[in-house]
Amino acid sequence: MEGKNYINGAFVNGSSGDRFESRNPANTDEVLGTFPLSSETDVNNAVHAAQEAYDGWRRLSRIKRGEYFDEFVQLLKKDREEISQLVTKECGKGIVEGRADVTEGIHMVQYVFGTVRMPHGDVIDSEISEKDAFMRRKPKGVVAAITPWNFPFAIPLWLICPSVVEGNTVILKPSRETACTANKIAEYAHKAGFPPGVINVLHGGCGDFLVKHPDTHMVLFVGSNDVGSEIKKIVAGFHNKMCACEMGGKNALIVLDDANLDIAVNAAIISAFKTSGQRCTSASRFIVHEKVLSEFEKRFVEITKRMRIGNPLDEDVFMGPVINQSATEKIARYNDLAKKEGATVLLDGGRLTGEHYKKGYFMSPFVYRMKTNPKSRVLHEEVFGPHVAIIPVKSIDEAIEVHNDTDYGLSCAVITEDFRKARRIRDDCEYGLGYVNLPTIGAEVHLPFGGVKKSGTGLPSASTLIDVVTHRTAWTVNHAMEIKMAQGLTVKL
Ligand code: UN1
């Protein structure tokens, strides 16, 4: 694929002429496409286009704006298998997951289309009977959406769709690792006929300029805490800019003493190893009651050993490669660190080098048992790979304490048959997404998606992004022939 930036309804080359490649992480010999390395000039052009388009777009009836999404989703549905294959080739997750990524993106488009004929504000009573009061939403302006590689289709659509349906215009800056998928999104948006400048896509190397540009009004970011924290600092310097950031997790699956172990083990495998452990919602900690510890461990390790790792396009493969060389190095460093920090290794994992694996970034799972320890780095830092700690606990109180002993708070799952215990976890654990008898992954677009503490800014995305990309205004209208005030204010002069 010979990728281009998509600015003002046209596919254009980057102004610098510099380009980068997107390669298949399962076979690094395969170049999937080349893309412009965008510069500050490209950012200026895209922001200008988005600003110019904003006024016309926001004035359009919301229902008319929705119709573009109807067209968009029909095109996506027609090509969903082709897009899924591309997603899998480009980011390395199993084809079943590639399809789920595309389905999740399609769901977001369907969701926003479904909202356009729904109530969209509130009618609120005034103290004064002659006054009518309303909450009405207004778009914020130009939105910069900066997205990661691990959900190259769904996450851009999570951010673009609510923004655009509400009357904002958008510039998407996807991860360089998955530029082909982003290019496809631009192509489908173009075919769907969105007016020029409403959706723009800029490839590689320019996120910083987008965040710092005085005319981007809302920055939506999904990625690491390091980058998200930088964005928050920059945005704080502007009076007319806000940001909503999703920034990873150190998620835990809690297995209580009464757990159904079939559910526990399956939930554990899915939570730890889908997407090779590279979801914000992946679990890298299993907090397990000592009463069921040895049985859980035995069964979990047994299944993990049998797990098929390999070409993600093969329907029977559970786990594909990790995304790139630096991911393999980071995961290996954390595996070593766990050993140094005193872990009891149950399954030693690392880079796979056999004939089958030598062209890709394949890693086998690393599983260990470790007592809770506030000083341990491996129990507190996000690894983003197939690396998982089993932490024994003696009680539900200790499970909650261990769960909350991290700076992150995105996803939490508990396996229990006891509704009272589940309720305690619900109320006392710190998270944005909570699950009972389920894995820590698998969120759906019509639910809020966002974390607390280092995981988020308290402004969840997916469907609830509608609150983030609109300003809620109060609109009060007097129908009397005189002014009557609330709070008993008199009008006598
Ligand atoms: C992410 O990893 O950033 O709940 C998104 C899930 C997916 C979304 C994950 N539906 O795992």
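Residues numbered from 1 in each chain as written. Predicted model: local features only at pLDDT ≥ 70, side-chain atom pairs only at ≥ 80, totals over all residues. Heavy atoms only, no water.

Peer 1: Please explain the nonpolar core as it appears in this structure.
Peer 2: One broad trend across soluble globular proteins is that nonpolar side chains are buried collectively. In terms of nonpolar packing, the biggest core is built from 122 residues, with Phe72, Phe194, Val255, Phe286, Phe296 and Phe300 touching the most fellow members. With nine residues, the top contributor of residues to this core is helix α5 (residues 154-165). Leaving out residues up to four positions away in the same chain, Phe72 has contacts with Val109, Leu157, Ile185, Tyr188, Ala189, Ala192 and Phe194. Core analysis: the next-biggest nonpolar cluster, separate from the first, contains 12 residues, Ala46, Leu202, Cys206 and Leu210 among them. (Core = buried A, V, L, I, M, F, W, Y, C linked by side-chain atoms within 4.5 Å. Buried < 20%, exposed > 50% of the residue type's maximum accessible area, 1.4 Å probe, protein only. Helix = DSSP H or I, 4+ residues; strand = E, 2+ residues; numbered from the N terminus. Contact = heavy atoms within 4.5 Å.)

Peer 1: Where do I start with the layout of surface pockets in this structure?
Peer 2: Over the atoms a probe the size of a water molecule is rolled, and this reveals where empty space is left. As a volume, the largest pocket reaches approximately 1100 Å³. Together, 39 residues line the largest pocket, and Trp149, Phe221, Gly223, Ser224 and Val227 are the ones closest to its centre. Of all the secondary structure elements, the ones that give two or more residues to the lining of the largest pocket are α7 (207-212), β10 (218-222), α8 (225-236) and α11 (325-340). No other element matches α8, which puts six residues into the lining of the largest pocket. Broken down by class, the residue content of the lining of the largest pocket amounts to 17 nonpolar, 12 polar and 10 charged. (1 Å grid on protein atoms, 1.4 Å probe; cavity = no way out; pocket = protein on both sides within 12 Å on 5 of 7 lines; lining within 4 Å. Points joined across faces, edges and corners; volume = space filled by probe spheres on them. Nonpolar A, V, L, I, M, F, W, Y, C, P; charged D, E, K, R; others polar.)

Peer 1: Just checking my understanding: could you explain the sheet that holds strand β23 (residues 470-478) for this structure?
Peer 2: Backbone-to-backbone hydrogen bonds join strands into a sheet, with any given pair of strands oriented parallel or antiparallel. In spatial order, the strands read β5-β6-β23; together these three strands make up an open sheet with antiparallel pairing. A single partner strand is all that each edge strand has here, and the edge strands are β5 (122-125) and β23. Taking the axes of each pair of neighbouring strands and ignoring which way they run, one obtains an average angle of 30 degrees across the sheet. Alignment of β5 against strand β6 (residues 131-139), held across four bridges, turns out to be antiparallel. What sits directly across from Asp125, in β6, is Asp132. (Pairing = 2+ DSSP bridges. Axes fitted to C-alpha atoms, helices over the stretch in contact; angles between N-to-C directions.)

Peer 1: Explanation requested: a nonpolar patch on the surface in the structure shown.
Peer 2: Taken together, the side chains of Ile483, Met485, Leu489 and Val491 make up a nonpolar region of the molecular surface, amounting to roughly 360 Å² of accessible area. Looking at the secondary structure, you find Val491 in the segment after β23. The class for Val491 is partly exposed, based on a relative accessible area of 46%. (Patch = residues over 30% accessible without salt bridge, like charges linked within 9 Å, V, L, I, M, F, W, Y side chains within 5 Å. Areas by Shrake-Rupley, 256 points an atom, 1.4 Å probe, with all protein chains shown as cover. Salt bridge = Lys/Arg side-chain N within 4 Å of Asp/Glu carboxyl O.)

Peer 1: Would you take a moment to explain the site of the ligand for this structure?
Peer 2: Residues in contact with the ligand, as listed here, are Glu104, Asn150, Phe151, Ile155, Trp158, Arg279, Cys280, Thr281, Ile441, Gly442, Ala443 and Phe449. Contact distances for the ligand include 3.0 Å between an oxygen atom and a backbone N or O atom of Gly442. At 2.7 Å from an oxygen atom of the ligand is found a main-chain nitrogen or oxygen belonging to Ala443. Summarising the interface, the protein chains cover 99% of the accessible area of the ligand, which totals 320 Å² for the free molecule. Under a 2 Å grid-point criterion requiring more than half of the atoms, the pocket assigned to the ligand is the largest cavity. Across the shell around the ligand, the residue classes break down as seven nonpolar, three polar and two charged. When residues are assigned to domains, the shell around the ligand turns out to be shared by domain 1 (5-247 + 456-475) and domain 2 (251-436), each giving three or more. (Near = heavy atom within 4 Å. Polar contact = N/O pair within 3.5 Å; in protein donor to acceptor, adjacent residues only side chain to side chain. Sits in = over half its atoms within 2 Å of the grid points. Domains from an automatic or database assignment.)

Peer 1: Whenever I open this one, the pairing of strand β7 (residues 142-146) confuses me. Can you help?
Peer 2: Walk down a regular strand and you will see the side chains alternate between the two sheet faces. Across the five residues of β7, five count as buried, placing the element largely inside the fold. Burial along β7 is two-sided: the face carrying Val142, Ala144 and Ile146 and the face carrying Val143 and Ala145 are both buried. Across five bridges, β7 lies against strand β8 (residues 169-173) in parallel orientation. Looking at the pairing, Val143 lines up with Val170 of β8. Handedness of the β7-α5-β8 crossover: right-handed. Relative to β10, β7 runs parallel, the two sharing four bridges. Note that in β10 the partner of Ala144 across the bridge is Val219. (Right-handed = clockwise from strand over helix to strand, strands pointing away.)

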